[in-house]
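Secondary and tertiary structure notes
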Amino acid sequence: MNVSAAIYGCAGPRLGAEEAAFFRDVRPWGFILFARNIESPDQVRALVSALRGTVGREDAPVLIDQEGGRVQRFGPPHWRKYPAARTLARLSGGRVVQREAVRLGARLMADDLFSLGVNVDCAPVLDVPQPGAHDIIGDRAYGETPEAVAVLGRAAAEGLLAGGVLPVIKHIPGHGRATSDSHLDLPVVEASIEALRATDFPPFQALSDMPLAMTAHVLYQALDSRRPATTSRRVIEGVFRGELGFTGLIMSDDLSMQALEGDMTLRARQSLAAGCDVVLHCNGNMAEMVAVAAGVRTLSGRAARRAEAALARLPKRPEPFDRREAEARFDALLEGASA
């Protein structure tokens, strides 16, 4: 079955006829949802079913950004509001309590997503923020040290996996030093390779066994002085695959972000040529999606095997779970949050 190496969004809460025809034609590996696609639980289930119906694959990945804090697409009144990663990382009681809270929060999020048919969460953030950096990461991080981020990031990933949802570690090899927002322009990181190895790389090395990773649209001068990580073969093959030891599927961050240059076709081609297994396009703009599709190839070879291996990490049945009991324990842990 031909599958294209792409993940697309759609424009609204219901799938339009033009979108459905496009997806049937290009057969993307997966889809991603945003707040514009969400009204109610039943509506989301219907949309997820419609998206999968266009490609004829019940296990087609459907992604969401559900981190907690300022990045959560599902929220009140239909879904619980979750705290930011930083809040959980500052709970009193030490790392054992923090780790329990992070895993439990991720398990609750997975329960939300699984009930809707969403099987991939673009979390956890493994970036280690540095003084003076842009706040685009900020409270999304699980701490200020690579050790804290690695421990709590794994707890989040484990909670998602236990609930039948694949985690996506991001933004590889680390967005914590960026002094600008890659949604708006290209951040340039001037840190030495030694500094990157000491602070930015360790969380990704510690979670190198995870099934999925998302690139950073950041130019690291010590790694490649010309290209951002997403479009740099030197970074993807030499650092991601080599030094960090990541063997799972690598997806680009959103191609429509302004950190990348060129039209959407060129961005897609350059990302795949650099070693991304699939590209991600989020905004649902049909003209842009058509342009991305012109630069995308069929998912095949090692990329296809990585995609298959990622989906194989989904359990046949989620971990047994008492929602009411879990929420009561989570709320009790949150009472220990520091001011």
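Look up a bit, the structure's there.
Residues numbered from 1 in each chain as written. Predicted model: local features only at pLDDT ≥ 70, side-chain atom pairs only at ≥ 80, totals over all residues. Heavy atoms only, no water.

Moving on to the overall build of the chain. Each helix and strand counted, the chain has 11 helices and 12 strands in total. Taken over C-alpha atoms, the radius of gyration comes to 19 Å for the chain, in line with the 20 Å a tight globule of 339 residues would show. With the C-alpha coordinates of the chain rotated into their principal frame, the extents come out at 55 × 50 × 30 Å. A buried classification covers 60% of the 339 residues belonging to the chain. When contacts within the chain are restricted to residue pairs at least 6 apart in sequence, those whose partners lie at least 24 apart make up 77%. Split by element, the accessible area of the chain, about 13300 Å² in all, is 50% carbon and sulfur. In the chain, which carries 39 positive and 41 negative side-chain charges, the distance between the mean positions of the two groups comes to 4 Å. (Helix = DSSP H or I, 4+ residues; strand = E, 2+ residues; numbered from the N terminus. Rg over C-alpha atoms; globule rule 2.2 N^0.38 Å. Buried < 20%, exposed > 50% of the residue type's maximum accessible area, 1.4 Å probe, protein only. Contact = heavy atoms within 4.5 Å. Areas by Shrake-Rupley, 256 points an atom, 1.4 Å probe, with all protein chains shown as cover. Lys, Arg positive; Asp, Glu negative; His and termini not counted. Charge placed at Lys NZ, Arg CZ, Asp CG, Glu CD.)

A few words on the packing of aromatic side chains. Per the stated rule, a full pass over the model turns up six aromatic pairs. With 5.6 Å between their ring centres and 55° between their planes, Phe-22 and Phe-23 make a pair best called tilted. Both residues of the pair, Phe-22 and Phe-23, belong to the buried class. Put simply, the rings of Tyr-8, Phe-22, Phe-23 and Phe-31 pair up and form one aromatic cluster. The positively charged end of Arg-107 is found above the aromatic ring belonging to Phe-321, 4.0 Å away from the centroid. (Phe/Tyr/Trp six-rings, centres within 6.5 Å; stacked < 30°, edge-to-face > 60°. Lys NZ or Arg CZ within 6 Å of the ring centre and 35° of its normal.)

Moving on to the side chain of Arg-80. For Arg-80, the position within the fold is in the loop between strand 5 (71-72) and helix 3 (85-89). Judged by its relative accessible area of 19%, Arg-80 is buried. In this structure the side chain of Arg-80 is engaged in a polar contact, spanning 2.4 Å, whose partner is the side chain of Asp-331. Excluding anything up to four places from it in sequence, Arg-80 contacts Gln-72, Phe-74, Gly-75, Arg-323, Glu-327, Phe-330, Asp-331 and Leu-334. (Polar contact = N/O pair within 3.5 Å; in protein donor to acceptor, adjacent residues only side chain to side chain.)

Another point: the pattern of salt bridges. A side chain with one charge may pair with a side chain of the opposite charge, provided their charged atoms come close. Using the criterion set out here, one finds 24 salt bridges in the structure. One salt bridge connects Asp-135 with Arg-70, and the closest N-O pair in it is separated by 4.0 Å. Taken as a pair, Asp-135 in the loop between strand 6 (120-121) and helix 5 (146-162) and Arg-70 in the loop between strand 4 (66-68) and strand 5 lie far apart in primary sequence, 65 residues in all. For the salt bridge of Arg-107 with Glu-319, the shortest nitrogen-to-oxygen distance reads 3.3 Å. With a gap of 212 residues between them, Arg-107 in helix 4 (residues 94-116) and Glu-319 in the loop between helix 10 (301-312) and helix 11 (323-334) connect regions that are remote in the sequence. We classify Arg-107 as buried; its relative accessible area is 3%. Within this structure, Arg-80, Asp-111, Asp-112, Arg-323, Glu-327 and Asp-331 form a network of salt bridges that share partners. (Salt bridge = Lys/Arg side-chain N within 4 Å of Asp/Glu carboxyl O.)

Before going further, it helps to examine the sheet that holds strand 2 (residues 28-33). On the basis of which strands lie adjacent, the closed barrel formed by eight strands has the order 1-2-3-6-7-9-11-12 and parallel pairing. Relative to strand 9 (residues 212-215), strand 7 (residues 166-172) is paired through four bridges, and the arrangement is parallel. Opposite Val-168, over in strand 9, you have Leu-212 as the bridge partner. Packing against the sheet, helix 9 (residues 286-294) makes contact with strand 1 (4-8) and strand 12 (278-281), and its axis sits at approximately 170° to strand 12. (Pairing = 2+ DSSP bridges. Axes fitted to C-alpha atoms, helices over the stretch in contact; angles between N-to-C directions.)

The N-to-C vectors of helix 8 (residues 264-274) and helix 9 enclose an angle of 40°; their axes lie 7 Å apart at closest approach. In this view, helix 8 runs oblique relative to helix 9, as classed from their interaxial angle. Pair helix 8 / helix 9 crosses with right-handed handedness. Counted together, Met-264, Thr-265, Ala-268 and Arg-269 of helix 8 and Glu-288, Ala-291, Val-292 and Ala-294 of helix 9 form the full contact between these two elements. Across the contact of helix 8 with helix 9, the residue classes tally to five nonpolar, one polar and two charged. (Parallel < 35°, antiparallel > 145°, perpendicular 65-115°, else oblique. Left-handed = near helix turned anticlockwise from the far one by under 90°. Nonpolar A, V, L, I, M, F, W, Y, C, P; charged D, E, K, R; others polar.)

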